[in-house]
Amino acid sequence: MPPASLTDLLTIDGIKKLASPRSFSRGALYHADGSVASLTQHDNTLTAIVRGTENYTVCFSVSISNDTSAPALDYHCTCPHASGEGVFCKHCVAVALAWLKSGKGNLLNETPAVAGTPAGNKSAVIKLDDLRPWLLSQPKEKLADTLLETAARDRRLHEQLLRHAALATGKQPDFNACRAVIRHVTTIHDPTNELQEFADILERFSSDGYHNAVLELSEYALERINTRIADSDGDAGFVCRRLLDIHHEATRRANTPPAQLARLIHAWTFVDNYYYFSGVIERYADLLGEAGLAALRASLNAELSTFTSVDVTHTAVEALRTIARLTNDTEALVALETRDLAHPSAYLRAAEIYHEANQHDKALEWARRGIARFPENTTGTEPLVDFIIAEYHRRRQHDKALALAWKCYEASPSRGFYQRLKESVHAAGENWRQWSERALATLRATLDTAIANQTINQKYPPWTPRLSPFANTFFVSLPLTDYSTLVRVLLWENNTDAAWAAANEKGCDETLWFELAGKRADKHPADAIPVYLRHLKRLIEQHSDSAREEAALTLRKIKELHASSGQDSNWKTTRQTLRQTFRKNDDFIKLIDTL
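Residues numbered from 1 in each chain as written. Predicted model: local features only at pLDDT ≥ 70, side-chain atom pairs only at ≥ 80, totals over all residues. Heavy atoms only, no water.

Undergrad: Explanation requested: the nonpolar core in the structure shown.
TA: As a rule of thumb, nonpolar side chains are buried together in soluble globular proteins. In terms of nonpolar packing, the biggest core is built from 77 residues, with L421, V487, L516 and F588 touching the most fellow members. The dominant element in this core, judged by the number of residues it contributes, is helix 25 (residues 525–540), at eight residues. Beyond its immediate stretch of four places on either side in the chain, V487 contacts A499, A502, A503, C508, L512 and L516. Formed by 49 residues, the second largest nonpolar core is a distinct cluster that contains I182, A236, F277 and L296. (Core = buried A, V, L, I, M, F, W, Y, C linked by side-chain atoms within 4.5 Å. Buried < 20%, exposed > 50% of the residue type's maximum accessible area, 1.4 Å probe, protein only. Helix = DSSP H or I, 4+ residues; strand = E, 2+ residues; numbered from the N terminus. Contact = heavy atoms within 4.5 Å.)

This is the structure we're talking about:
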């Protein structure tokens, strides 16, 4: 088989697979505008330049994959977007389309013979290496005129010549012209390349020592980008991060006072429309220092005290959190988290902050305060209970941990508190079997009482008042009408037989019945049949496509259960009963007749 070539690998379908839809459409526009120049092919290597405000070089070649030993297309572009490995950018698309239109492989890097040139004399072709001796032989005036004419058409060369001239003459570059450039650039569509070029200019100004000018220009560029360019594809964000790096370095070299820098970062914090300034406090923390961070904290607190809007408050609090973390200010963090103590979660956050700071007494105090503040909110305070129990175990005060875990379970016996109790018993190194028997007996007694109350008073739902474990107040639990809670606990303990017995004794909800049936189907298939039949009837009554699909699966399961339990004859009876019960349901009759 002949070796693969660009013709084999560089096709329209291949280009569309490599490029994103956005890159393909933009590359097609570049190609249509005639932006591809110097298209040159030598064997299986193709190079070209894509012209614009910035010129980028694209190269294609064919290589052999190390993994599969198969031919592979290599591609590279010098633009910033293609700096990541495997990015097939819009410039790659433009060059590929231009090559395909040229006739695929009809490009030659040899120049056709000119009249008067000996045939086959390759040395007659002018090369780049031949230019230097020729340039050195030209008069200075002619070279200067040529450069000026070219600079009038090439903005990048124009900027470079002005910069070199400024350095040589001691004059400053035209910074006002730079402001005009950024004003223009931030009004055009897709200004990424132009913004990158502007960042290049700032870096050169910085290396030449114009630090104050770089600060002013980068701040102006950032303000224009933030207010005029939505970052739909991430390119603007990439440029902003680069501009911030340039600004950071110029700030360091210019020795900007920390208080002045703090005022700038304060302003950036509240005008960040597209998260261009995300992480700006961390980025400048080394330059702000203790004095700058203190000044920034003071200005943010002043902003917070005005309470102008929810958004401003949120932004100020997030910024203050960042400063508190950077300065390891635990008390400031706690103060921010406890500005609003209307929910138990605020107390928990304070406890966790102190715990992370190894201030365990304060952590325990805040957790206790939260429980005392919300004695009736057993759901909201559960994380606080968990925190206190864990803290008791950390202190090796296992007796206190077990006492609290039991107190909570006894007040509201549920699977959640049962699980917490088991974890505490294991952490204390005690015998879980004894605790489990006690816990299950307590749960059973609670449920029996609730079920008995329902039997006495059928008129109203038995909403059960319970004494809070944390104060002499009552809270109300959901109705306890069967053994559902007990069944959940026993299933969690993988005690399926006991759970099945409890369900048959005083019932449970249908979801649990279905779960029980699934667990007993292998060893006790006959037990599962009635449960699946009830489930089937509910599905048939729903009249939806998903219910019909599940009904078909359930019906086949029922047939299998009859077979595995040795009740094939009973299946015929069950089948006939179902046909009679749902005889008006044509879809179901069609389904059951297939079995």
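There is more to say, and it comes next.
Undergrad: Where do I start with the packing of helix 15 (residues 330–337) against helix 16 (residues 344–356) in this structure?
TA: The angle between the axes and the distance between the axes are what describe a pair of packed helices. One way to put it is that helix 15 packs onto helix 16 with a least axis distance of 9 Å and a crossing angle of 170°. Classed by the angle they form, the pair helix 15 and helix 16 counts as roughly antiparallel. Taken together, the residues of helix 16 that come into contact with helix 15 (itself represented by T330, E331, L333, V334 and E337) are A346, R349, A350, I353 and Y354. Residue composition of the contact of helix 15 with helix 16, grouped by class: six nonpolar, one polar and three charged. (Axes fitted to C-alpha atoms, helices over the stretch in contact; angles between N-to-C directions. Parallel < 35°, antiparallel > 145°, perpendicular 65-115°, else oblique. Nonpolar A, V, L, I, M, F, W, Y, C, P; charged D, E, K, R; others polar.)

Undergrad: Teacher, can you tell me more about the pattern of salt bridges here?
TA: A side chain of one charge can pair with a side chain of the opposite charge if their charged atoms are brought near each other. The full count for this structure, using the stated rule, is 28 salt bridges. Here R394 ties to E391 by a salt bridge, and the two come within 2.8 Å at their closest N and O atoms. Here R394 pairs with E391, and both are found in helix 18 (residues 382–394), just three residues apart, close to one helical turn. Close ionic contact of D497 with R520 constitutes a salt bridge, the shortest N to O distance being 3.1 Å. Pair noted here: D497 is in helix 23 (residues 496–506) and R520 is in helix 24 (residues 510–520), with a separation of 23 residues, a long-range link. Judged by relative accessible area, which is 53%, D497 ranks as exposed. (Salt bridge = Lys/Arg side-chain N within 4 Å of Asp/Glu carboxyl O.)

Undergrad: What am I meant to see in unusual backbone geometry here?
TA: For residues that are not glycine, phi is negative in most cases, and the peptide bond is trans in most cases. In this structure, N358 is a non-glycine residue whose phi angle is positive, near 60°. Mapped onto the elements, N358 comes out in the loop between helix 16 and helix 17 (360–373). Although it is not a glycine, N494 sits at a positive phi angle of roughly 60°. Following the sequence through the fold, N494 ends up in the loop between helix 22 (484–492) and helix 23. In this structure N494 comes out as exposed when scored by relative accessible area, which is 62%.

Undergrad: Sorry, what's going on with the side chain of H91 here?
TA: Mapped onto the secondary structure, H91 falls in helix 4 (residues 90–102). Residues within four places of H91 in sequence aside, it is in contact with Y30, V50, Y56, V58, C77, C79 and N193.

Undergrad: Which parts of the structure should I look at to understand the pairing of strand 3 (residues 56–64)?
TA: Each regular strand carries side chains that alternate between the two faces of the sheet. In this structure, strand 2 (residues 45–50) lies alongside strand 3, joined through six bridges in antiparallel fashion. Bridge pairing in strand 3 places T45 opposite S61. One ladder, built from seven bridges, connects strand 3 with strand 4 (residues 71–77); its direction is antiparallel. Bridged to F60 within strand 4 is Y75. (Pairing = 2+ DSSP bridges.)

Undergrad: I would appreciate a short explanation of the packing of aromatic side chains in the present structure.
TA: A ring pair, where both rings are aromatic, is described by two values, the distance of the centres and the angle of the planes. One pass over the full model with this rule turns up 18 aromatic pairs. Here F205 and Y210 contribute two aromatic rings whose centre-to-centre distance is 6.2 Å and whose plane-to-plane angle is 85°, an arrangement assigned as edge-to-face. Overall, the relative accessible area of 3% leaves F205 in the buried class. Both rings, one in W406 and one in W435, keep their centres 6.0 Å apart while their planes meet at 65°; by these two values the pair is edge-to-face. Of this pair, W406 sits in helix 19 (residues 398–411) while W435 sits in helix 21 (residues 432–456), placing them 29 residues apart in sequence. Each of the two residues, W406 as well as W435, counts as buried. Taken together through their ring pairs, the aromatic side chains of W406, Y409, Y418, W432, W435 and W492 make up a single cluster. The lysine or arginine in question, R369, covers the ring of W366, its NZ or CZ lying 3.9 Å from the ring centre. Above the face of the F417 ring, R420 is positioned so that its terminal group lies 5.2 Å from the ring centre. (Phe/Tyr/Trp six-rings, centres within 6.5 Å; stacked < 30°, edge-to-face > 60°. Lys NZ or Arg CZ within 6 Å of the ring centre and 35° of its normal.)

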